[in-house]
Structure formats: structure tokens, C-alpha cells
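Given next are the chains, with one letter for each unit.
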Amino acid sequence: MASQPVWPRTPVLGALTAVAVVLDAQLLVRPEWNARTAPAVLSGVTVLVGALVLRHSRRTAQLSALTWRAFAAIAGLLALGHLVRAVTGVGVNPPEVGPSDLSLAATAPIAVFLCIRLARSTGARVRVQVVLDAAVALTALGVLLQLFVPLTTRPDGSVAHPLLTIGYPAVCAVLVAAGLVAFAGVSPPRRTAAGWMLLCFASLALTLACGALAVTRPAPALDAVASTAYLAILGAATLALAADPGPKARAEEAAVAVPLAGVVVSYCLGSGVLLLLLGGLAAGRPIAPGEAVTVVVLMALTLIRTLVWAADGARLTRQVLRTEAYFRTLVHRSADLTVVLDGHGQVTWAAAAGPATPSWSVRDLEGRSLRDLVHEDDRYELHRALDAAVDDIDGRGPVFRLRGRDGTWRQFETVRTASSAGLPGAAGSAPGLRYGGPDAAGDGLVLHLRDVAGRQRTELELERLAYTDYLTGLPNRARLMAALATARTRAASGQRASLLLLDLDGFKPVNDIAGHEAGDHLLIQVADRLRATVRDGDLVGRLGGDEFAVLVGDSLEEARALAERIVADLRTVRPAADVEGTAPGVVATGVVFDISGSIGVTELDPADDVPTTVRRADLALRAAKTAGKNCVRTAGHAIDSAMGRRARLARDLPVALQQEQFRVVYQPVASTEDRRIVGLEALVRWDHPVLGTVPPDEFIALAEDDGLIVPLQRWVLRRAMADHAALLADGWQLQMGINVSVRHLQAGCLAPDVAQAIAHSGVPPERLVLEVTESVMLDARDRLESDLAGLREMGCKIALDDFGRGYSSLAYLARLPVDVLKMDREFIADIERDRRAAALVSTVVELGRTLGMDVVAEGVETGGQLAALRGMGCHYLQGWLFGHAVPVEDLGPLLAAFDPTVLDVRGAEMDPGVHIVGQLG
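Quick notes on the rules
- Residues numbered from 1 in each chain as written.
- Predicted model: local features only at pLDDT ≥ 70, side-chain atom pairs only at ≥ 80, totals over all residues.
- Heavy atoms only, no water.
- Helix = DSSP H or I, 4+ residues; strand = E, 2+ residues; numbered from the N terminus.
- Buried < 20%, exposed > 50% of the residue type's maximum accessible area, 1.4 Å probe, protein only.
- Contact = heavy atoms within 4.5 Å.
- Areas by Shrake-Rupley, 256 points an atom, 1.4 Å probe, with all protein chains shown as cover.
- Phe/Tyr/Trp six-rings, centres within 6.5 Å; stacked < 30°, edge-to-face > 60°.
- Axes fitted to C-alpha atoms, helices over the stretch in contact; angles between N-to-C directions.
- Nonpolar A, V, L, I, M, F, W, Y, C, P; charged D, E, K, R; others polar.
- Pairing = 2+ DSSP bridges.
- Salt bridge = Lys/Arg side-chain N within 4 Å of Asp/Glu carboxyl O.
- Patch = residues over 30% accessible without salt bridge, like charges linked within 9 Å, V, L, I, M, F, W, Y side chains within 5 Å.
- Expected span 1.5 Å × (residues − 1).
- pLDDT = per-residue confidence, 0-100.
- Arc of directions from axis to C-beta.

(A) Expanded view of the overall build of the protein chain. The number of helices and strands found in the protein chain is 31 helices and 19 strands. Within the protein chain, the fraction of its 921 residues that count as buried is 47%. When contacts within the protein chain are restricted to residue pairs at least 6 apart in sequence, long-range pairs at least 24 apart make up 71% of them. Per element, the accessible surface of the protein chain, about 42,500 Å² overall, is 59% carbon and sulfur.

Quick look at the structure:
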């Protein structure tokens, strides 16, 4: 079916407004032209609008076209009337009745016809309340008419023709009352059209009132107001027709039981008239007998309307109470507890079957967040209950514990979950349900819960043993496998999910040395950390021993980010001390246990079965173990072994260099003295088209072995220096640190490559920091030393990276032209807890100050580390506490948003006697 043509609202209204402005200016500036010019302009504008309406009617449906053509006929009669006034020279507001009034009066029957078509939309009947509202408004307008008539008397006492002074205003009063009836009585699809029609009649009343006043007191201002109001009639009428959905439109919802629009308008008119009369009486104007009678009628009608309104309110109240009682009776039979949630997860309505429900009353539950009442260990079960798309994993509905008012917990099983979209007022006003599947987005939910506290103890115990780990209380392997099967089915429909496998590093010595009790306590700590770190919709399980799993309902990127947070958090886990007063992580034997976690991540593929998915995650976990533990690795597609992945990376590395599949990210270096970010470290990443993001510790060694490290680092130099030049041009005075491989230094072309990158970018060489690893000391022959010295003579600064991690020779350190020492993250990981580690770091800081070198601490992630380093006088810090590595397009916002107060840690007072030469500032 062809769509209805759209009426050009904006061009028509814009043209009418422009004509009104120009015409008003002419009427006020050149009043001697008003007799012929103004009626002629109004006649021409009316003809144009009528022609547009007639043309528009030919493209509309047959039933709608009749209404448009009726308006075109009205426009033709109005244009004829104004044309007659222009020819006879009587102006916009003629002083006497003339031939033009014949055509103007003929428009009344057609206008009534339009009102009837609007009021009879969808066959709705006019209710008694609407008739009373119209009667109140009509009576109030009658009083205003009585006040208006004396104003039309000429100065000599004669009265103008009644048609101009009484007839036209009276007709307008009737039309305004009819418009009010139409506005209050039409169906919702037509209410906008009726509102524009009511405005049209109000503009008509203003036009005719100005005409009646101009009969006895002609003035250019009255002509201007009458002309503007007449143009407003044309605009409002066309908008009313354009908003009319057509005779066949049906209301999608029932009309309101109490028409408030009519009540407000009629009461405002009635109150305004009474205040006007009282004000006149206070000013000394007496109330005429006719006005008094009309006011009595007005007050009587208002009283009747108030009683009818009260009766409507009482009827609706009884209906609501009956409906709620009926609804509660129904839900009492369906479940022990029924809860209706809005789009934010808050309880909007609740009904309980009897006293067996928790100690909360249903009224106490309303307005509270259901999540706040659920046990924190059962958040995943709540997520399943609120997600209508989740299937029962083990043949029962999700079971979670609700807290009572007295603090006790009772278990409830979800019998059924349904959308509340069909309940009046139940849909959430805010988009996006906090919990729920895609079908429930935007609406609330209805939960039918069964109290299972009365189940036999044996049944509950068997269920717990079947699906729960006895030590940690987490779901066990059986429950995890069932959840993986369900997630795999949902992945086929587009809902992404990922699996994390976690294995603790250093757990076996805890069992062997500290005992199994300390090992069990450590596992409980890890389980608590995992519960606190993951989201409510993620399932945490224990597979056995020191191996855990997390089922994440999100993409591989989000799962990897979660795994990184878990690894960082597990660095602070320590077994319990056997003896009171022993330091954390130290048992009675004095042994310090270093506990961390390795995680393998894979995304669920619908084509793989559950064992294949677990095997892929386990391969990723083994890759993390091989890479040195305490890290995260992902499983690449079609990679069945760690050797296969290495072979794939070695094979694809030359192609990656040709296609520039690499990108550079930058991590900030902060200064506690300057209280700002003073430097950046450029870090390269490989975006493999199949395996995803490959970390540098996987491909840098391959590039060195295959002789590709020099072209790779040339590319990194060009990219980093170009980005650095753009930052300097934007006003950011920063140092740029770039890692340099020893193989590049051994090749003898590092100095020319650096010089070429500096020449192309235009960056001052003193802004470049070349970072070489500590292994350069093993091969610090005279040629390498001279190459480093040459780079330093160019103006570049030399930094010794990962200092303290490998082989360190103080003799070579004194010989090498090094400006900066960068302590490895593992070197400072435990300085806030281990006095020996803190002493070593303090020694390195003191050594750097003695040798005139800046010291940068890498891997600063906690406030305790920051406090310790500041206390040692280490002024240059790098780590997640100040910002992750970000691409160049995010550097500007990161630098601008840096908060210097992050460097203010209580207890981290700087030693006033410490001074380090500022090489990075």
C-alpha cells in the first residue's frame, strides 16, 4: 500500500510567518494603504494555501481527500470575501455589513462539517463529562461576550450592526466550545489534530473580536492583530488536517476514563471569568443582572462537573482495588512468592502465598532492589533466573537465597520467568534491563518463586554434593560442563561466550612444606577473590586441585581483560601463617611462598564440542605456563599445540612486516617532582588476522632468530618518532622511550637508523630514550660500547631496561654510557611487604643517584608500592597506577585527564635530602 503524502509543514508555516511580518509592518507604517492592500494580500495568500491544499488532496486516500477538499472550499470562500473587501476598499475590519460577509458566513456550515468529522473518529461517543466541560466553557464565554458587547458602542451612543458586534463573536464562542468537545472526546490518534483545530477556532475568535472593536474604534494596531490572527487560522487549520490520521484510524489504546484536558480548560475558563468579575466589582463596576444569572449557571455547572469527577475517581479507585485483589488471588495459587521487577531490577509489586515466605512483608519488598536481597554467592543464579533465555542446566530452576528482615536466609527456586510488558505500568521506563535476555530489554520481569526451605535435608545435601565443590563452595566440574553445553548452544544464536582456565603457580610447595591445611586455606582465598572479581553473570567453578575455571558471557577481548585483572589480583594472595605474628606469606618454617596465577583463554565456537573447548583453553594455559607463568595467553584458531602456534607465528611474521600488521601503543611515565607525565614508552603489538593480538614476548624472539628484528625495529622507530613529533607539535613536552634489541645493536646499523628516523620526524634527539636490556652487559665489547657512546653523542639518552631481572655487573654499569636505570616490575613487586626486596630497591635508587642516573620503577600498580618508592626517593614511576598502554589517538585525552593527586599517597613523604639529576624532565 502506498504511503500517504506528507504535507509541507515547514515551508507553509515559514511563508505565512514571513507574510505576517511584512503585512504588519505595512499596516503600521502605511495605514493609508490598509483599505485595499491588506485584504488583497490576505486574499492572495488564502488562494495559494487553498491551491496547495487542493493539490495535496489529489494525492491522498479518497476518504481523507474529502476533508482536504472541504478545507479548500473554505479557503476559496474566505479568499472571495477578502477580494470583495479589497475591491470595495473597506479594509480588513469593515465598519458595516457588506457583500463580503455573505461569502464569509457561508464558511460556517463547512467548518461545522470538519468538526463533526474530527469528533467522530473511530466511532467514539461523546461522554457526559465532555458535554459538561463544553457547557462550562460555553457559559464562561457567554459571560465574556456580555463584558465585550459594551466595548463595541460608538462614542455617540449608537450601536453597530449586531452581526459584527454580537453575531460573529457568539459564533466564535460556540466554535471554541465545539473545539473543546472535539479535543476532549476524540480518540488518541486524533488528539493532535483536534488540538490544532481548537487553536484555529481561538485564532478565529481573536480575529472577529478585533473586527468588532474596530467597528467603533478603528486603529492600525487592530488591523495588524486581525491580519496576523487570520494567517494563524490558515496555519493551524492546515496543521490540523496534516495531523489527522484519516477516517479509518483506530485507537491502539482505550481512551482515558477521565478526560483531564477538558476539565483543565473548562475550569480555567470558569475561574478566569469569576476572577475577572470580582476584579471589576472591586474596581467599582457593578455586575449586570444578565451577568449574574450567567455566573449562577456557570457555578451550578461547575458543581455538577465536580460531582461527576468525584464519582469517576471513586469508580476508578474501586476498579483498581478489585483488579489488584483479583490479580493477587491468581498469583497466590501459582507460586509461593511472585515478584514484578521494573527495568532497573527494582521490585514494583509482590505477592506472597502465605506466612511461609520470608520475614519481609510484600509491602516492604516493593521499591527495593532484588539484587540487594540475594546472597552474594548466588548472584550467578539470580542472573540465570532473570534471563528468560537461559535453559535449566540440571532439570531445576535457578535457586538463590533471599535475606529476611531478621538477617536469615531462605532458599527460593524460580518456577517461571516472564516479561511484564503485558502488565499496565510494568514496563521499565529506562531502556536496557539490568538483568535479562534480549527479549526482556526495556521491559520488566515477573518472577514466580517457590520456597524450597521445606525440602528434605537429604535432597538438598545430595544436590549440593552433585554440583558444588565441597571445599570452596563453587560449582564443580559437572556443573561447569553442563553450563558450557548451554553456552555453546546459545553461541550458535550469536551470544558470545569465553572460557578461562586458571592454574595456580607455586601451589605445590605450599602443600608440601606448609601442609594441606594451608593449601586448603589458600584455595578458599582464591575462590573468594574470583567471586569478587568476576561479574554477576559469570560462572566461577573449581575443576579440581588448584585449577579453576570461569565461564564469561562475553567476547574474547573482554574475557582476556578479566583474566588480566584476575592475574594482577592473585599476586597479593598468600597462604595463612601457622604462627601468630608471622608475616603474610611466611609460615612457621620461615619459608616465603610466591603465589601467582596463569590463565588460558578461549572463545566458545559452536562448531566445537565441550571437550574440544576445554582442550583449547588448556592449550592456552600451557602456553601461559611455558611463557614464564603469571600471565595470560589465548588459544588461536586451528592451533593444536604450542609448537604449532610458534611455527604459525614464524611463518606469518615476514608477511606481517610487509602488510604492517603491527601497531604501537604508549605507556606513560610519571614524575613525582614535576607532578605530571614526563615520558612515554613505545610498545609494539602484532594484530594477527587469525590469532588476534600477539604479545611482544612471543614474536620478538622469533624476529631475532629469523633475522627480522632490524626491519621490525626500523618500522617501530619511524612510527614512534612520527607520533612523538605530532605530540610535540601539540605542546606536550615528553620524552619517548623505544626498546632496542641487542641484535640490532650488534648489526652495527642502529646509529644510522636512529639518525634517519630523527631526520625524518624532526624530533630533537635529546627527546629520544633508547632502552637496551641488561643482556648487553654480556656482550659489551668495545664496539658496542662505542656505538652506544655515539648515540649518546647525537643527543639521545640510553636507558638500561629490566635492571635487576637478569645478569647485572656493576663494573660494566660504570663503563657503559647509561643515563637511566629501569627496574623490572618483578624487582619491586613485593617492596611493600618484603623488607629485603625494599632494601634492594633502595640500594638501586641510591646507586643511580651516585652514578648520576635517573631510576624508573616499572610495574607500579598499588598505592603501597608508590608510597614505598617515594619514600626511597625514586621520582620516575611507570605502571598501571598511572595508565595502561594506549594507542596514539587516545594519548591526548589521557595526558589531559591526568590527575596529579594520584601521586599523593598518605605516608609517601619524599626525603628532602634526596636529589636525582633530571634526565627525563
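Now that the structure has been shown, we can carry on.
(B) Molecular detail of the packing of aromatic side chains. Summed over the entire model, instances satisfying the criterion amount to 4 aromatic pairs. Where Phe662 meets Phe699, the ring centres are 5.5 Å apart and the plane angle is 50°; that geometry is what we call tilted. Of this pair, Phe662 sits in strand S11 (residues 662-671) while Phe699 sits in helix H22 (residues 696-705); the two residues are 37 residues apart in sequence, bridging distant segments of the chain. The two residues Phe662 and Phe699 agree in class, both being buried. Ring geometry for Phe662 and Trp715: centres 6.3 Å apart, planes at 50°, overall tilted. Remark: Trp715 occurs in helix H23 (residues 709-729) and Phe662 occurs in strand S11; sequence separation between them is 53 residues. Overall, the relative accessible area of 6% leaves Phe662 in the buried class.

(C) Inspection of the packing of helix H17 (residues 507-514) against helix H18 (residues 516-533) at higher detail. At a closest axis distance of 6 Å, the pairing of H17 and H18 adopts a crossing angle of 145°. Residue-level contacts link Phe507, Val510, Asn511 and Ala514 of H17 to His516, Ala518, Gly519, Leu522 and Leu523 of H18. Here the contact of H17 with H18 is built from residues that sort into 6 nonpolar, 3 polar and no charged.

(D) Main features of the pairing of strand S1 (residues 337-341). Of all 5 residues making up S1, 5 are buried, and the element is well covered by its neighbours. Of the two faces of S1, the one lined by Leu337, Val339 and Leu341 and the one lined by Thr338 and Val340 are each fully buried. With 5 bridges connecting them, S1 and strand S2 (residues 347-352) associate as antiparallel partners. Residue pairing in the sheet places Val339 in a bridge with Ala350 of S2. Counting the residues that bridge the hairpin from S1 to S2 gives 5 residues, and of these Gly345 lies at a positive phi of roughly 80°. Pairing analysis gives 5 bridges linking S1 to strand S5 (residues 445-451), with the strands arranged antiparallel. Within the sheet, the bridge partner assigned to Val340 lies in S5 and is Val446.

(E) Examining the pattern of salt bridges more closely. In the structure shown here, the tally under the stated rule is 29 salt bridges. When the shortest N-O distance is used, the salt bridge between Arg633 and Glu698 registers 4.0 Å. Separated by 65 residues along the polypeptide, Arg633 in strand S10 (residues 632-634) and Glu698 in helix H22 bring together distant segments of the chain. One exposure class covers both Arg633 and Glu698, and it is buried. When the shortest N-O distance is used, the salt bridge between Arg833 and Glu832 registers 3.8 Å.

(F) Just a nonpolar patch on the surface, in detail. Taken together, the side chains of Leu275, Leu278, Leu281 and Ile287 make up a nonpolar region of the molecular surface, amounting to roughly 390 Å² of accessible area. For Leu278, the location among the structural elements is in helix H10 (residues 260-282).

(G) Just helix H20 (residues 610-626), in detail. In this model H20 runs 24 Å from its N-terminal to its C-terminal C-alpha over 17 residues, within 8% of the 24 Å that 1.5 Å per residue would give. Listed as buried for H20 are Val610, Thr613, Val614, Arg616, Ala617, Leu619, Ala620, Leu621, Ala623 and Ala624. For H20, the elements touching its buried residues are helix H16 (477-491), strand S6 (498-505), strand S8 (547-552), strand S9 (596-603) and S10.

(H) Representation of the environment of His521. Within the element layout of this structure, His521 appears in helix H18. Classification of His521 as partly exposed rests on a relative accessible area of 37%. Spatially, the C-alpha atom of His521 lies 9.5 Å from that of Arg574, the residues being 53 residues apart in sequence.

(I) Structural context of the sheet that holds strand S7 (residues 539-544). Sheet architecture is open: 5 strands sit in the order S7-S8-S6-S9-S10, paired in mixed fashion. This sheet does not close on itself; its edge strands, each paired only once, are S7 and S10. Along the sheet, successive strands turn relative to each other by an average axial angle of 20°, direction set aside. Where S9 lies against S10, 3 bridges are found, and the strand directions are parallel. Bridge pairing in S10 places Ile599 opposite Val632.

(J) Here's a closer look at unusual backbone geometry. If you check the backbone angles, Asn630 has positive phi at about 55° while not being a glycine. Topologically, Asn630 is positioned in the loop between H20 and S10. The partly exposed category is assigned to Asn630, whose relative accessible area is 24%. The phi dihedral of Arg675 is positive, around 55°, even though this residue is not glycine. Structurally, the position occupied by Arg675 is in the loop between S11 and strand S12 (676-688).

(K) Spatial organisation of the side chain of Thr472. Structurally, Thr472 is set in the loop between helix H15 (457-467) and H16. A residue is classified by how much of its surface remains accessible, and Thr472, at 8% relative accessible area, is buried. Setting aside residues up to four positions removed in sequence, Thr472 forms contacts with Leu523, Ile524, Ala527, Arg531 and Arg542.

(L) Layout of the confidence of the model for the protein chain. With 74% of its residues at a pLDDT of at least 70, the protein chain reaches an overall mean of 76. In the model, residues 424-442 has pLDDT below 50 throughout and makes 40 contacts with residues more than four positions away in sequence or in other chains. pLDDT under 50 marks residues 578-589. Its contacts with residues more than four places away, or in other chains, come to 20 contacts.

(M) Representation of H22. Every buried residue of H22 is accounted for by Glu698, Phe699, Leu702 and Ala703. Projected down its long axis, H22 shows its buried positions confined to an angular sector of 115°, all on one face. Trailing H22 by a residue or two, Gly707 shows a phi angle of about 75°, which is positive.

(N) Fine view of the pairing of S7. Taking burial as the measure, the 6 residues of S7 include 5 buried ones, the bulk of the element. Where S7 lies against S8, 5 bridges are found, and the strand directions are antiparallel. Counterpart to Leu539 in the pairing with S8 is Leu551. The hairpin formed by S7 and S8 contains 2 residues between the paired strands, and Gly545 there has a positive phi angle of roughly 60°.

(O) Inspection of the side chain of Ser369 at higher detail. Looking at where Ser369 falls in the secondary structure, it is placed in the loop between helix H12 (362-365) and helix H13 (370-373). A residue is classified by how much of its surface remains accessible, and Ser369, at 13% relative accessible area, is buried. Non-local contacts of Ser369, meaning those with residues more than four positions away in its chain, are made with Gly345 and Gln346.

(P) Geometry of the environment of Pro95. Positionally, Pro95 belongs in the loop between helix H3 (62-88) and helix H4 (100-105). Spatially, the C-alpha atom of Pro95 lies 9.6 Å from that of Leu213, the residues being 118 residues apart in sequence.

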